[in-house]
Amino acid sequence: MAEKLSGWTPKTEHLLFHNCGTGYDIIDHALEASFPLNLLNELRTNGWIGGDDERCGDNKAKRKGRLVPARTALDVNLQSFLGGFLDSVRGDESAFISREERSRSDFSVNYPFLHRFISCIESTVTKDDWLFQQHFEFDTSQTSVQLATYSGDGKSGYPRHCDRGMTCTQEGNHSNSDDEVGKMQRLLTFVYYLTPSDWDDQLDGGALRMFLPEKNDDASEEANNNHGYFDVTPHSGRMVVFRSDVMEHEVMPSKRRDRIAITVWLYGRQVRKGNDKLVVSLGKDSAKSGSGGAITIFDNVLPPPLPIAESINQQQKEATIFVAIPSYRDIETFPTIKSLIETSNNPQRIYIGVVFQIDTSSNEEIEQFTSGNNHASCFKKYRWNQQTNLRTITIDHRHATGPCYARHLAQSLHRGEQYILQIDSHMRFRPGWDDYLIHQLNQCQEPSMSVLTTYPPNYDPPHGPGSHAETLGTILVPWKFDDKDGMLRQKGRFMNNVTGSNQDNSNIPCLLFAAGFNFSHSSLLELCPYDGKLHGLFFGEEISMAVRLFTNGVDLFAPPETVCYHKWKRNPLREKQGANSDNGGDASIDANGPTRGREASLNVVRMQLRGMGRGLGTERTVKQFEESLGVDFEKLELLKGCENVGLEDKAFVSSSQRIAGDDTTLSGGKEVAENDMSTVMSLVSQFMGNK
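Residues numbered from 1 in each chain as written. Predicted model: local features only at pLDDT ≥ 70, side-chain atom pairs only at ≥ 80, totals over all residues. Heavy atoms only, no water.

Peer 1: When you look at the overall build of the protein in this model, what are you seeing that I'm missing?
Peer 2: Counting its regular elements, the protein contains 23 helices and 28 strands. Here the protein holds 691 residues, and 57% of them are scored as buried. Counting only contacts in the protein whose residues sit at least 6 apart along the sequence, the fraction spanning at least 24 positions is 80%. Just so you have it, the protein exposes about 29500 Å², and 47% of that area is on carbon and sulfur atoms. (Helix = DSSP H or I, 4+ residues; strand = E, 2+ residues; numbered from the N terminus. Buried < 20%, exposed > 50% of the residue type's maximum accessible area, 1.4 Å probe, protein only. Contact = heavy atoms within 4.5 Å. Areas by Shrake-Rupley, 256 points an atom, 1.4 Å probe, with all protein chains shown as cover.)

Peer 1: What am I meant to see in the side chain of Ser344 here?
Peer 2: Inspection of the secondary structure puts Ser344 in the loop between helix 12 (333–342) and strand 16 (350–358). With a relative accessible area of 0%, Ser344 lands in the buried category. Polar contacts involving the side chain of Ser344 include one to the main-chain amide nitrogen of Asn346, which spans 3.0 Å. Engagement of the side chain of Ser344 in a polar contact is seen with the side chain of Asp434, the distance being 2.6 Å. (Polar contact = N/O pair within 3.5 Å; in protein donor to acceptor, adjacent residues only side chain to side chain.)

Peer 1: What am I meant to see in the packing of aromatic side chains here?
Peer 2: Aromatic ring pairs: the centre-centre distance and the angle between the two ring planes describe each pair. Throughout the structure, instances matching the rule amount to 16 aromatic pairs. Arranged with centres 5.0 Å apart and planes meeting at 45 degrees, the rings of Phe117 and Tyr192 form a pair that is tilted. Taken together, the residues span a long stretch of sequence, with Phe117 in helix 8 (residues 112–125) and Tyr192 in strand 7 (residues 185–193) at a distance of 75 residues. Note on accessibility: Phe117 and Tyr192 belong to one class, buried. Summarising the aromatic geometry, the rings of Phe538 and Phe539 are spaced 4.6 Å apart at their centres and angled 45 degrees between planes, so their arrangement reads as tilted. Of the two residues, Phe538 and Phe539, both sit in the buried class. Positioned above the aromatic ring of Tyr267 is the side chain of Arg99, whose terminal nitrogen or guanidinium carbon lies 5.9 Å from the ring centre. The ring centre of Phe550 lies 4.3 Å from the NZ or CZ of Arg620, which sits over that ring. (Phe/Tyr/Trp six-rings, centres within 6.5 Å; stacked < 30°, edge-to-face > 60°. Lys NZ or Arg CZ within 6 Å of the ring centre and 35° of its normal.)

Peer 1: Is there a simple way to explain helix 2 (residues 35–45) in this structure?
Peer 2: Because each turn of an α-helix spans 3.6 residues, side chains separated by three or four positions in sequence point in the same direction. Regarding helix 2, the residues found buried are Phe35, Pro36, Leu39, Leu40, Glu42 and Leu43. The buried side chains of helix 2 occupy one side of the element, clustering within an arc of 160 degrees when seen end-on. Exposed and facing more than 90 degrees away from the buried side of helix 2 are Leu37 and Thr45. Elements that come into contact with the buried residues of helix 2 comprise helix 7 (107–110), helix 8, strand 5 (144–150), strand 7 and strand 12 (259–270). Directly beyond the C-terminal end of helix 2, a positive phi value near 85 degrees is found at Gly47. (Arc of directions from axis to C-beta.)

Peer 1: How do you make sense of unusual backbone geometry when you look at a structure like this?
Peer 2: Negative phi values dominate among residues other than glycine, just as trans dominates among peptide bonds. Phi at Arg329 takes a positive value of approximately 45 degrees, unusual for a residue other than glycine. Residue placement: Arg329 occurs in the loop between strand 15 (321–328) and helix 12. On the accessibility criterion, Arg329 (12% relative accessible area) is buried. In the Ramachandran plot, Val645 falls in the positive-phi region, its phi being about 40 degrees despite a non-glycine side chain. Positionally, Val645 belongs in the loop between strand 28 (637–638) and helix 23 (677–687).

Peer 1: In this structure, what is going on with the sheet that holds strand 11 (residues 248–251)? I would like to understand it.
Peer 2: Hydrogen bonding along the main chain pairs the strands of a sheet, whether they run parallel or antiparallel. Read from one edge of the open sheet, four strands run 6-11-8-9, paired in antiparallel fashion. Lying at the two open borders of the sheet, with one neighbouring strand each, are strand 6 (158–161) and strand 9 (229–232). Across the sheet, the axes of successive neighbouring strands diverge by a mean angle of 15 degrees, strand direction being ignored. Bridging between strand 8 (residues 208–211) and strand 9 involves four bridges; their strand directions are antiparallel. Each residue of the ladder has a partner; that of Met210, found in strand 9, is Phe230. (Pairing = 2+ DSSP bridges. Axes fitted to C-alpha atoms, helices over the stretch in contact; angles between N-to-C directions.)

Peer 1: I keep staring at the pairing of strand 12 and nothing clicks. Help me out?
Peer 2: Here is the key point about a regular strand: its side chains alternate between the two faces of the sheet. Burial runs high along strand 12: eleven of the twelve residues are buried. One ladder, built from three bridges, connects strand 4 (residues 136–138) with strand 12; its direction is antiparallel. Of the residues in strand 12, the one forming a bridge with Phe138 is Gly268. One ladder, built from seven bridges, connects strand 5 with strand 12; its direction is antiparallel. Pairing of Leu147 across the sheet is with Ile262, part of strand 12.

Peer 1: How should I be thinking about the side chain of Thr551 in this particular structure?
Peer 2: By secondary structure assignment, the location of Thr551 is in helix 19 (residues 541–551). Residues in contact with Thr551, not counting those within four places in the same chain, are Leu616, Gly617, Thr618, Glu619, Arg620, Thr621 and Val622.

Peer 1: So what exactly am I meant to see when it comes to helix 16 (residues 403–411) here?
Peer 2: With seven of nine residues buried, helix 16 lies mostly within the body of the structure. Within the sequence span of helix 16, burial applies to Pro403, Cys404, Ala406, Arg407, Leu409, Ala410 and Gln411.

Peer 1: I keep staring at the sheet that holds strand 16 and nothing clicks. Help me out?
Peer 2: Strand order across the open sheet formed by eight strands is 17-16-15-18-24-20-25-23, with mixed pairing between neighbours. Strands at the two margins of the open sheet, each flanked by one partner only, are strand 17 (390–396) and strand 23 (508–510). Pairs of neighbouring strands in the sheet enclose a mean axial angle of 25 degrees, with direction left out of account. Where strand 20 (residues 450–453) lies against strand 24 (residues 517–521), three bridges are found, and the strand directions are antiparallel.

Peer 1: Is there a simple way to think about the packing of helix 2 against helix 8 in this case?
Peer 2: Packed helices, taken two at a time, are described by the angle their axes make and the gap between the axes. Put simply, helix 2 and helix 8 touch, their axes get as near as 8 Å, and they point 125 degrees apart. Classed by the angle they form, the pair helix 2 and helix 8 counts as oblique. Facing Phe35, Asn38, Leu39, Glu42 and Leu43 of helix 2, the residues of helix 8 in contact are Pro112, Phe113, Leu114, Arg116 and Phe117. Of the residues contributing to the contact of helix 2 with helix 8, the split by class is seven nonpolar, one polar and two charged. (Parallel < 35°, antiparallel > 145°, perpendicular 65-115°, else oblique. Nonpolar A, V, L, I, M, F, W, Y, C, P; charged D, E, K, R; others polar.)

Peer 1: Please clarify how the nonpolar core should be interpreted in this entry.
Peer 2: Nonpolar side chains in soluble globular proteins tend to end up buried together. By size, the foremost hydrophobic cluster in this structure holds 42 residues, and its most contacted members are Ile475, Phe513, Ile543, Phe625 and Phe633. If you list the elements that add at least two residues to this core, you get strand 21 (474–481), strand 23, helix 19, strand 25 (555–558), helix 21 (596–609) and helix 22 (622–629). Top contributing element to this core by residue count: helix 19, with six residues. Excluding its chain neighbours within four sequence positions, the residues that come into contact with Phe625 are Leu511, Ile543, Ala546, Val547, Phe550 and Phe633. Core analysis: the second largest hydrophobic core is formed by 38 residues, Ile49, Leu194, Ile260 and Leu266 among them. (Core = buried A, V, L, I, M, F, W, Y, C linked by side-chain atoms within 4.5 Å.)

Peer 1: What is the right way to look at the pattern of salt bridges in this model?
Peer 2: Side chains carrying opposite charge are able to pair once their charged atoms draw close together. Taken as a whole and assessed by the stated rule, the structure comprises 30 salt bridges. A salt bridge links Arg243 to Asp245, with the shortest nitrogen-to-oxygen separation between them at 3.0 Å. Considered together, Arg243 and Asp245 belong to a single accessibility category, that of buried residues. Across the pair Asp482 and Arg489 runs a salt bridge, and its minimum N-O distance is 2.6 Å. Arg489 matches Asp482 in its accessibility class, with the two residues each being buried. Overlapping salt bridges bring together Asp198, Asp204, Arg256 and Arg257 as one network. (Salt bridge = Lys/Arg side-chain N within 4 Å of Asp/Glu carboxyl O.)

Structural measurements only, silent on function.
In structure tokens:
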């Protein structure tokens, strides 16, 4: 059986096929750790790359090997027209390893590592069960291989371009012509780096800049510059794979050392079966076709992938994650699970616990809310076993007593997984969320005593946030004290790219806790488990957990980028039932009376905020929490500047910077009734932190 690339996951296939606007993935350690050096030495031995400065001295021919200054087709045409007065747009020296040479009978003997490298790529994408095989056909006889080196002079680079031509296919001009469908062209690009093992992104440079499609809005040029691309550091052994016809990219100059890479292009074409018509929709509306066999690729299937962690190790890649989800009669529960699985880098390590709160007397509702049959094919495609990786508890919604009890039950389904992610039942995720969260948590000084948490931006079902979804991070800040119960309300504020365009992808310290999105080491389940006796509590749930975590010595952080998206529009079934919680049913139900349970829970939280309630730790005091947060729990007052949580004004998105999600709340959506859109719009600026 032919060897395949390690680290190639269903997510890779999904990114390349479904999300034409952001069709790339990054695979670290696609082959064993020693492979890059072995391949580099093999190429040097066969004369493709010369020796280093010490061995070759001033002999440039020996240093260069068989590489020559690279030229594009545009270079050739311009040189012919201008008579040699124009330099090449490329700054590298390169050479193609011809098909003729690769077809020789002794090629695998003379080039065992290069032969294995090319074969791994070809066998990975031509395997029978690969998603591309449904609608794409490859011709490996046309595979093209190029070796290139950029000198570390601080100047050599390659301007923005597309491997299929001058400009990649973009929104609005995607072709479905017969020529486009039938012709074999460059379809996938694989770039593999043979750089020194200690390559530094700042000192050495040489990043591969991947450009995301421009947004169809009035965003400023500065915003496009900051958020329109992602820089990939060329670490040794790293592979970048992308659609040759979609991804525009640029090679940034190398600053001090040669940047060596080998590129493989696979040629292929879109395939139509019979009279089936291929339909590609890159807009917000669903694509429609009269053909029964039409393929619809929705741009809003997946948002942009998260930045790939450069230092995540194999142990972290395999670490297990438990996802706790309370669900109250929510049709979005299984689409949320589907999103978790299809965007995970390693779906097999994801274990999910769901507490279904439904009408158990209704067979229709049982089937509608608790069955994942409609998503079985998706789970199979991503090799996620619903029988072994999904655990559930089902209770009648009339016995539901609020979110704290539901989350407590969900946590009881944990079975020793290393990390825990607590979310709501109506969410969507960015590709790579699992590796990203593990990496970001381990960036904290004490990962086992840290939590990543915030309010995510909005998405609207049934599809998702889309490839142009907001990626800026949010942070929780104090908002106001409620006039009725005296509980502190909080909101999420969008942050500008305070982390320097992802060059310093650090978490941002915060003090407040989001019940619907938090990620931590599972050891915190023993230190600060959810209080299942806080019946009927809605407002007060999050401040209770925040002060308990703080006094137990746990630090909270906001991730620098949006990891997921939350549907803030309220569930109409909760309105009919009289529920006032996000995931907890009718909060008025209590064995001791219709409202007594809620009032008793509020009193527990009030005592906690005075430093006397249950669940508090001794590492830090409630007074320290109050002072650090900038509020007065006794007087129910916000102190000046508390809404900035220690950051400068410029750290936050202003009202003049319109971004995705401006028509939704980041205050939890808990006060705004579904049919009261005038209230939504009147509170937008407050919810978004705009002054």
